[in-house]
Amino acid sequence: MRDVAVVAYNQFATRRDETRNEIEMLLPVLKDTLGPLGLTTKDMGFTVSGSSDYLAGQAFAFVSALDAVGPWPPIAESHVEMDGAFALYEAWVRLQHGDIDTALVYAFGKSSPGDLGRVLALQLEPYLVGPLWPDAASLAALQARALIDSGKASEKDLARVVARSRRAAQDNPNAQLKGEVDEAALLDEPLFNDPLRKHDLPTISDGCAVMVLAAGDRARELTDTPVWIRGIDHRVESQHLGSRDVTTSASTRLAGQKAGADVGTIDLAELHAPFSHQELILIDALGLDETRTRINPSGGALASNPMMTAGLVRIGEAAKRLAAGEGNRAVAHATSGPALQQNLVCVLEA
Amino acid sequence: MTEPVTEIITPIRMDYRYTPGTESSAFLRGMKEGKMLGRRCPSCEKVYFPARAVCSMCGEAFTETVEVKDTGTMVTFAVVNVNFANRVIDLPYVTAEVVFDGADTASMVLLSGVAPEEARMGMRVKAHWIPEAEWDFSLANIDYVEPLDEPDAPYESFKELV
């Protein structure tokens, strides 16, 4: 395997950006990421993005977004209709071919134009589930109910996750929800999607993220603090919710093992858990010990959840902290689909 | 034997609030006043009409606004013989790609005032505007282009856009 490192990363997130379109939102983040490296998009061996046209409501919105890259003369480019974390996986595979040394990965998503609940319902099994239009929060609530009924977690545990997220997010400029909150006070809030309260749900956000990957010596040339991808794996479970045990995450467990997250010390973990109870499921599936591993030091998706972006942000945030010397080894995780259907685990090392 | 189910219908309706963005908003405000505003790329110097968010060749943000004329050259066209759903125009009609004078990109508009068999690449045309009282934030303020009594533009002058 070729050593591939994260050499640059930036993101932007906000509650809603109704002034700029996706391209205008992406352009300054692209420049801020490539500029300090002395590179332009033309220097990239491969470019790959993650986004969903259903968010914008425009067919081929991802092609329009390429304007921000300036794809002329023609570039080698790809796209996944998924979170940017899965685009990063494609870039990592592409770099394994050995003929290129750099890749640009970007992700963007604006939740503000549409009704996010309905947009996300379109990813469901289209014959029997989709036509019922269950929204993502309701499906997550079913999962949370199953988890609590199984005895693996309580509403108090969910409040603890939320309080930790709010506290951790305090120094994250891209977080929309942050601050010191009292766990007991959280439990006094009314139920929203029983057993979930509003604070158990992620923010609805607009945002984007940009990352540059480089292989071997090229990574060392570009930065003094490359953060190496030591393992990466993506696993998918059935789209039939009824055939899964949603109180656990078999795909995360397997991806974690394949990526090497189950051995050695993990200093910090960035877990893509849009709903509070999902963080508990992921900690369990990855076998993380909360007394030894900092969980979601950025505040995670509860603090800021730009669609198609929040997964790549987990990898970026973990890499940023390792580059800053906050640890030697981290796990980053991204999810996709209803109730943690698909999961990607990435192990990073400074 | 039970008949197999071969088809189900599951209606989908999605509503969106479109965010045109800074550049397109300036273009749309111009159209409302009957002004055709293009934007020049500082790198390749091409004038985009309508303006996009950035130059799609260079990835550069635009720096200069250029007012484009409502006369132009039809660089290519298609004769349409089948109507789209919800669109009733007398058939056949001509959909034209027109590069308006002062712009470097083509816009799609209808061609009227000439029989489809007389439509030619390079034909000089002029915009026909809907009544000023009806102008909106839309390129549809120009409902069609019609021929100008001018010699055709030489192919060399627009071959890059074909």
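This structure is a prediction, so every number in the text was calculated from the model and none was measured.

Digging into the overall build of chain B
- When helices and strands are tallied, chain B shows 1 helix and 8 strands.
- Shown N-terminal to C-terminal, the secondary structure of chain B runs as helices and strands in the order α-β-β-β-β-β-β-β-β.
- Once the C-alpha set of chain B is aligned to its principal axes, its extents read approximately 70 × 40 × 35 Å.
- Going through the 162 residues of chain B one by one, you find that 28% of them count as buried.
- For chain B, long-range pairs separated by at least 24 residues make up 56% of all intrachain contacts whose partners lie at least 6 apart in sequence.

So, the packing of helix α7 (residues 155-168) of chain A against helix α11 (residues 276-285) of chain A
All names here are of chain A.
- Taken N-terminus to C-terminus, the directions of α7 and α11 make an angle of 95 degrees; their axes are 8 Å apart at the nearest point. The orientation of α7 with respect to α11, classified from their angle, is roughly perpendicular. Residue-level contacts link D157, L158, V161 and V162 of α7 to S276, H277, E279 and L280 of α11.
- Looking at the contact of α7 with α11 residue by residue, the class counts come to 4 nonpolar, 2 polar and 2 charged.

Focus on the interface of chain B and chain A
- At the junction of the two partners, chain B supplies 22 residues and chain A supplies 23 residues.
- In terms of residue class, the side of chain B that touches chain A is made up of 11 nonpolar, 7 polar and 4 charged.

Things to note about the confidence of the model for chain B
- A residue-level look at chain B finds 100% of positions with pLDDT of 70 or above and a mean pLDDT of 93.
- Taken together, the chains of this predicted complex give a pTM of 0.94 and an interface ipTM of 0.86.

Some details on the sheet that holds strand β3 (residues 64-67) of chain B
Residues and elements named next belong to chain B.
- Reading across from one edge, β2-β1-β3 is the order of the 3 strands in this open sheet, with antiparallel pairing throughout. The outermost strands of the open sheet, each flanked by one partner alone, are β2 (47-48) and β3.
- Where strand β1 (residues 37-40) lies against β2, 2 bridges are found, and the strand directions are antiparallel. Following the sheet pairing, R39 is matched in β2 by Y48.

The rules behind each value
- Residues numbered from 1 in each chain as written.
- Chains lettered and ligands numbered in written order.
- Predicted model: local features only at pLDDT ≥ 70, side-chain atom pairs only at ≥ 80, totals over all residues.
- Helix = DSSP H or I, 4+ residues; strand = E, 2+ residues; numbered from the N terminus.
- Buried ≥ 20, exposed ≤ 12 C-beta atoms within 10 Å, placed from the backbone.
- Contact = placed C-beta atoms within 7 Å.
- Axes fitted to C-alpha atoms, helices over the stretch in contact; angles between N-to-C directions.
- Parallel < 35°, antiparallel > 145°, perpendicular 65-115°, else oblique.
- Nonpolar A, V, L, I, M, F, W, Y, C, P; charged D, E, K, R; others polar.
- pLDDT = per-residue confidence, 0-100.
- Pairing = 2+ DSSP bridges.

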